[in-house]
Protein chains: 2
Amino acid sequence: AFSGESLRINGRGLLFGLVVGLLVGVWGGLFARLLGAANHLREGTGWAMFLLPLAGLLVVWMYRRGGIKTAGGTDLIIQAARGEQPVSRLLAPVIFAATLLTHGFGGSAGREGAALQLGGSLAELVRKGGKLGAEFQDLAIMCGMSAGFSAVFGSQITAALFALEISCVGILPLGGLFPCVVSSLAAGTVARAMGVRAMRFYLSASTPDVLFYGQVLVLGIACGLLSILVCYTFSGVRAGLARLFPNPYLRVVVGSAGVMVLTLILGTKAYLGTGEALIAQAIDQGRAAPQDCLLKLLLTALTLGAGLKGGEIVPCFAIGASFGCVVGPLLGLPAPYAAAVGMVSLFCGVTNCPLTALMLGFEVFFFCNPGGFLMAVAASFLVSGYSGLYAKQKFAFSKT
Amino acid sequence: AFSGESLRINGRGLLFGLVVGLLVGVWGGLFARLLGAANHLREGTGWAMFLLPLAGLLVVWMYRRGGIKTAGGTDLIIQAARGEQPVSRLLAPVIFAATLLTHGFGGSAGREGAALQLGGSLAELVRKGGKLGAEFQDLAIMCGMSAGFSAVFGSQITAALFALEISCVGILPLGGLFPCVVSSLAAGTVARAMGVRAMRFYLSASTPDVLFYGQVLVLGIACGLLSILVCYTFSGVRAGLARLFPNPYLRVVVGSAGVMVLTLILGTKAYLGTGEALIAQAIDQGRAAPQDCLLKLLLTALTLGAGLKGGEIVPCFAIGASFGCVVGPLLGLPAPYAAAVGMVSLFCGVTNCPLTALMLGFEVFFFCNPGGFLMAVAASFLVSGYSGLYAKQKFAFSKT
């Protein structure tokens, strides 16, 4: 620890994390603000959502021009974080624009796909610019993912762990801990200075007793089972659309039209965008309709299956929160706390990242009743099995 | 996840975690209360500390009668948690009694050694009683360690992670997550009902900025370097005493006499016992003398090197808190927060368990300024290198 060699290595880790964090923080902050404008376009106008098929055509065209696989997305970055795959330098601008188009014209999707891919590919540019060899690719991508997640979500601790935990369940490449922490804290600080607001909710605490742990255990199991349904729906809709419409241009037009028509039939835009309004309604007001989680799932699966972009995570937050808000009170839990537990434990089920999920629960809800999150996350992790959003994620161990 | 087989396995995990948690919770609660009585004996009388050499002779005699290696301690349990070593059924009663003797008669030691070994060996009894095969030994030991740590410290989330993280740095055997969570929550709940009070402190929060992160980074690095000194002192004093006094009876008498004499010279019992009073003084009142951390280190190293029992963790909390309380204000940090950061990041440095350390910081200090703990823990983890309290701990990766 005292040698010149290790000082040099650690100094490089600090510097690299800092540069990536600042750079990705600025881009992430800009992205979050443009996303706000995109949301205004969708919510504030009647006409924007009718242009979704056109936006979709543009997205598909960009991906094909850039030579980037349309499917893949976060899976590409997960493979890159294990050093198995290089990252196209066009990935950052393409995912950036594609996500804005998706959100502005009425798609239902998240934004973490953009955050992770943007971060990862910017970090690769920094690595190459800094003349660091290919053996640092995994570290660079992890730093970039931390920074991207942190900038867009404002949850800095969650972000640092997510990058370490996502690519192989049960293995934490802790050599990346310090650079990831630095880049996450730096990116989050920059993004906050640029006006990005973190997702935060106050809950009322209660004293945990045996009954309480039993209730959250059952809710966690239910969310773990729901996560299987969610993952199969995403992959099933994607595969189904690809089989029915092998031409990606036709596919994106049909899928987008489906999103539009469903939205018109339902008569609400509540299921478009990331679904943050659903989350706030479920957690702040303890209010959700039983069909909310299923409709959000369906519209997001259609949007992403069509070839539009953004990611699945925030929609999964909304699905879990709406589900918990409806199911929790049946078990005797207060609706807002159950919504919070639903959001966190569904996240755990679909990503297979229990530590990140736990941290998400602590960071977003100010460490309110942490034992309940622990129990629900552990149960959901167990029950969700080996299904997940990311086909390229590896498992180091059996879950039981 | 739906099959009868997996239901059976998961049901077994739930039941096993619950039984171990309840059982260890009762024993841990009893142990904590008896430890309270032992502390009264030491603090409330003038004569008890003069009997330390006698108590030491008794401890060494018990270990030799029981055929248990005197050194080893928590290392034995770490090996058992990887399934590499069986656990003597005498370990639980022997460590229980030895720790009470150490604390009652004026040794300076922790109590987590007892908690982990008691928990692990009781869990093995449950496994054998439940006719579970040897392939469940690792899982059983991890459940027992979770429950023991949880019962004695009252930090249930920290306890669950510690058992998973301790034996191999960088590998999380997440198949044990659910049973460990159940046993930790159960043991903590039982122990609390039996009157065990968890360590908890309120700190004042501040808005983290770049300067703040720089300050905690430097403090974290300092604690990482301190952790190297701490580990070398523990192992050096142990090895030195063993070389000078190969006879364990003579060694324990000389070492105990050393503790006694030093205490008389210093004219204070403040460095005996676990050191919780030092911790409270540093964190609640922001008060510590510069020599506190070194004297606590020396007396604990002598106590444990002599062959007395208990563990190193709470003394390390005290060393880290006293150190942070003195060094933090020099860096411009408030003394109480710096003491908290010192406690948590020294723990990280000596155990090489960053996630557990982070959780400790969150749980003990109510998630106050969590980003500061994250930064300091990551820095300490990096700087502390491959030194640690536990010789049998493995490292899956390079730390850089």
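Numbering of residues begins from 1 in every chain and follows the order in which that chain's sequence is written. All chains are assigned letters beginning with A, and all ligands numbers beginning with 1, in the order in which they are written. The predicted nature of this model means local features are confined to residues of pLDDT at least 70 and side-chain atom pairs, given and counted, to a pLDDT of 80 or more, with totals for whole chains, interfaces and linings taken over all residues. No hydrogens and no water enter the side-chain calculation; it runs on all heavy atoms of the structure.

Undergrad: A description of the overall build of chain A should follow, citing residues and the corresponding values.
TA: Runs of E in the DSSP output that reach at least two residues are strands. Runs of H or I that reach at least four are helices, and both are numbered from the N terminus. Each helix and strand in chain A was counted, giving 16 helices and two strands. Taking the principal axes of its C-alpha atoms as reference, chain A extends roughly 60 × 55 × 40 Å. Per-residue accessibility, obtained with a 1.4 Å probe over protein chains only, is compared with the maximum for each type, and a residue is labelled buried under 20%, exposed over 50%, and partly exposed between these values. Burial analysis of chain A (400 residues in total) assigns 64% to the buried set. Contact definition: two residues touch when any of their heavy atoms are within 4.5 Å. Long-range contacts, defined as pairs at least 24 residues apart, comprise 80% of the intrachain contacts of chain A with a sequence gap of at least 6. Only the protein chains shown count as cover for residues, and all accessible areas are computed by the Shrake-Rupley method using a 1.4 Å probe. By element, 67% of the accessible surface of chain A is carried by carbon and sulfur atoms, the whole surface being about 13600 Å². Here chain A holds 26 positive side-chain charges and 15 negative ones, and the gap between their average locations is 9 Å. By the counting scheme adopted, Arg and Lys are positive, Glu and Asp are negative, and His together with the chain ends is not counted. Positions of charges follow a simple convention, taking NZ of Lys, CZ of Arg, CG of Asp or CD of Glu.

Undergrad: So, the pattern of salt bridges: which residues are in play, and what are the values?
TA: Residue and element names in this part refer to chain A. We define a salt bridge as a side-chain nitrogen of Lys or Arg found within 4 Å of a carboxyl oxygen belonging to Asp or Glu. By the definition in use, this model includes 12 salt bridges over all chains. The closest approach of N and O atoms between Glu 84 and Arg 82, which form a salt bridge, is 2.9 Å. Looking at Glu 84, the relative accessible area reads 39%, which means it is partly exposed.

Undergrad: Kindly report on helix α8 (residues 177-193) of chain A, identifying the contributing residues and their values.
TA: Every α-helical turn comprises 3.6 residues, leaving residues that sit three or four positions apart pointing alike. All names here are of chain A. Expected span, for any helix, means 1.5 Å times one less than how many residues it has. The first and last C-alpha atoms of α8 sit 24 Å apart over 17 residues, in line with the 24 Å expected at 1.5 Å per residue. With 15 of its 17 residues buried, α8 lies for the most part within the structure. Looking at the residues trailing α8, positive phi occurs at Gly 195, about 90°.

Undergrad: Tell me about the relation of the copies chain A and chain B, residues and numbers included.
TA: We superpose the copies by least squares over the C-alpha atoms of residues that have a pLDDT of at least 70 in both of them. The transformation that overlays chain A on chain B combines an axial shift of 0.0 Å with a rotation of 180°, and the residual RMSD is 0.0 Å. One copy is carried onto the other by what is essentially a two-fold rotation axis. Among all C-alpha atoms of chain A, that of Ile 171 of chain A lies closest to the rotation axis, at 2.4 Å. Comparing interface residues between copies, 100% of those in chain A also lie at the interface in chain B; the contact surface is shared.

Undergrad: Go over a nonpolar patch on the surface, please, and point to the residues and values.
TA: Residues forming no salt bridge and having over 30% relative accessible area are the ones grouped into patches, like charges within 9 Å of each other and nonpolar side chains (Val, Leu, Ile, Met, Phe, Trp, Tyr) within 5 Å. Among the surface-exposed residues, Leu 23, Trp 27, Leu 30 and Leu 34 of chain A lie close enough to one another that they form a single nonpolar patch of about 320 Å² accessible area. Note on placement: Trp 27 of chain A falls in helix α1 (residues 4-44).

Undergrad: Talk me through the interface of chain A and chain B; I want residue IDs and the actual numbers.
TA: Counting residues at the interface gives 48 residues for chain A, matched by 48 residues for chain B. As used here, buried area is the combined drop in accessible area, with a 1.4 Å probe, of two parts when they are placed together. On the chain A side of the contact with chain B, Leu 174, Phe 178 and Phe 367 of chain A bury the most area, a combined 13% of that side's loss. Our count for the chain A to chain B interface comes out at zero salt bridges. Under the rule applied, a polar contact is a pair of N or O atoms within 3.5 Å (in protein, one hydrogen donor and one hydrogen acceptor; residues adjacent in sequence only if both atoms are side-chain atoms). Applying the counting rule to chain A against chain B returns six residue pairs in polar contact (both at pLDDT 80 or more).

Undergrad: Now, about the side chain of Glu 363 of chain B: what can you tell me, with residues and values included?
TA: As for its placement among the helices and strands, Glu 363 of chain B is situated in helix α15 (residues 354-364). Buried and unpaired, Glu 363 of chain B has Arg 200 of chain B as its nearest opposite-charge partner, separated by 4.3 Å. Within the structure, Glu 363 of chain B has its side chain in polar contact with the backbone nitrogen of Gln 156 of chain B (distance 2.9 Å). Setting aside residues up to four positions removed in sequence, Glu 363 of chain B forms contacts with Phe 367 of chain A together with Ser 155, Gln 156, Ile 157, Thr 158 and Arg 200 of chain B.

Undergrad: Quick rundown of unusual backbone geometry? Include the residues and the values.
TA: Trans peptide bonds make up most of the peptide bonds, and negative phi angles are found at most residues other than glycine. Positioned with a positive phi, Asn 352 of chain A is a non-glycine residue whose angle comes to about 60°. One can find Asn 352 of chain A in the loop between α14 (335-351) and α15 (354-364).

Undergrad: So, the domain arrangement of chain A: which residues are in play, and what are the values?
TA: Residues and elements named next belong to chain A. Each domain's extent was defined by an automatic or database domain assignment. Domain annotation for chain A reports domain 1 (4-193) and domain 2 (210-395). The C-alpha-based centres of domain 1 and domain 2 are spaced at 21 Å. When the two sides are added together, the surface that domain 1 and domain 2 hide from each other amounts to roughly 4300 Å², 66% of it contributed by carbon and sulfur. If you sort the residues of domain 1 by the area they bury against domain 2, Met 49, Ser 108 and Val 169 come out on top, with a joint share of 16%. Our count for the contact surface shared by domain 1 and domain 2 stands at two salt bridges. When the shortest N-O distance is used, the salt bridge between Glu 84 and Lys 394 registers 3.0 Å.

Undergrad: Go over the side chain of Ser 345 of chain B, please, and point to the residues and values.
TA: Topologically, Ser 345 of chain B is positioned in helix α14 (residues 335-351). In contact with Ser 345 of chain B, not counting residues within four places along its chain, are Gly 220, Cys 223, Ala 376, Val 377 and Ser 380 of chain B.

Undergrad: Tell me about the packing of aromatic side chains, and please be specific about residues and values.
TA: In this analysis, rings of Phe, Tyr and Trp, with Trp reduced to its six-membered ring, are considered paired at centre separations within 6.5 Å, and the interplanar angle assigns stacked below 30 degrees, edge-to-face beyond 60, and tilted for intermediate values. Under the counting rule described, the total for this entry stands at 31 aromatic pairs over all chains. Between Tyr 202 of chain B and Phe 366 of chain B the ring centres are 4.4 Å apart and the planes differ by 5°, which places this aromatic pair in the stacked class. Here the residue Tyr 202 of chain B occupies a position in the loop between α8 (177-193) and α9 (210-244), and Phe 366 of chain B occupies one in the loop between α15 and α16 (370-383), the gap between them amounting to 164 residues. On the basis of relative accessible area, Tyr 202 of chain B is assigned to the exposed category, the value being 67%. By the ring-pair criterion, three or more aromatic residues cluster together here, those being Phe 201, Phe 212, Tyr 213, Tyr 337, Phe 365 and Phe 373 of chain A. Sitting above the plane of the Tyr 63 of chain A ring, Lys 309 of chain A keeps its charged end 4.6 Å from the centroid. Whether a charge sits over a ring depends on NZ of Lys or CZ of Arg being within 6 Å of the ring centre and within 35 degrees of the ring normal. We note Lys 399 of chain B situated over the ring of Phe 381 of chain B; from NZ or CZ to the ring centre the distance is 4.1 Å.

Undergrad: Describe the packing of helix α6 (residues 137-153) of chain B against α8 of chain B, naming the residues involved and giving the relevant values.
TA: All names here are of chain B. At a minimum axis distance of 8 Å, the contact between α6 and α8 shows a crossing angle of 30°. Classified by the interaxial angle, the pair formed by α6 and α8 is roughly parallel. α6 and α8 meet at a crossing whose hand is right-handed. Contacts between α6 and α8 pair Leu 139, Met 142, Cys 143, Ser 146, Ala 147, Ser 150 and Ala 151 from the former with Pro 179, Cys 180, Ser 183, Ser 184, Ala 187, Gly 188 and Ala 191 from the latter. Here the term charged refers only to Asp, Glu, Lys and Arg, the term nonpolar to Ala, Val, Leu, Ile, Met, Phe, Trp, Tyr, Cys and Pro, and the term polar to all other amino acids, Gly among them. Of the residues belonging to the contact of α6 with α8, the class tally is nine nonpolar, five polar and no charged. To obtain each axis, a line is fitted to C-alpha atoms, and for helices this fit is confined to the stretch in contact; angles are then taken between N-to-C directions over 0 to 180 degrees. Working definition: roughly parallel below 35 degrees, roughly antiparallel above 145 degrees, roughly perpendicular at 65 to 115 degrees, and oblique for all remaining angles. The handedness criterion is simple: a crossing whose near helix is rotated anticlockwise from the far helix by less than a right angle is left-handed, and one whose near helix is rotated clockwise is right-handed.

Undergrad: Break down the packing of α9 of chain B against helix α12 (residues 292-306) of chain B for me, citing the residues and quoting the values.
TA: All names here are of chain B. Direction vectors running N to C along α9 and α12 enclose 40°, while the axes themselves pass 8 Å from each other. Of the two possible hands of crossing, α9 and α12 adopt the one that is right-handed. Across the interface between the two elements, Leu 229, Val 230, Thr 233, Phe 234, Val 237, Arg 238 and Leu 241 from α9 touch Leu 294, Leu 297, Thr 300, Ala 301, Leu 302, Leu 304, Gly 305 and Ala 306 from α12. Residue classes in the contact of α9 with α12 are distributed as 11 nonpolar, three polar and one charged.

Undergrad: Provide a residue-level description of the state of the cysteines, including the pertinent values.
TA: Working definition of a disulfide: a covalent bond connecting the sulfur atoms of two cysteines. The criterion for a disulfide is a pair of cysteine sulfur atoms lying within 2.5 Å. Inspection of every chain in the model, using the stated rule, returns zero disulfides over all chains. Lacking any disulfide linkage, Cys 231 of chain A is separated from the closest cysteine sulfur, that of Cys 316 of chain A, by 7.0 Å. The buried category is assigned to Cys 231 of chain A, whose relative accessible area is 6%. Distance from the sulfur of Cys 223 of chain B, which forms no disulfide, to the nearest cysteine sulfur (Cys 293 of chain B) is 9.6 Å.

Undergrad: Talk me through the environment of Ala 270 of chain B; I want residue IDs and the actual numbers.
TA: Residues and elements named next belong to chain B. With respect to the helices, strands and loops of the structure, Ala 270 is situated in the loop between α10 (248-266) and α11 (276-284). Take Ala 270: its relative accessible area is 33%, and that puts it in the partly exposed class. Put simply, Ala 270 and Gly 148 are 122 residues apart on the chain and 26 Å apart in space, counted from C-alpha to C-alpha.

Undergrad: Account for the environment of Leu 266 of chain B, naming residues and giving values.
TA: Residue and element names in this part refer to chain B. Looking at where Leu 266 falls in the secondary structure, it is placed in helix α10. Classification of Leu 266 by relative accessible area gives partly exposed; the value is 32%. Sequence separation of Leu 266 and Leu 295 is 29 residues, and the distance between their C-alpha atoms is 9.5 Å.

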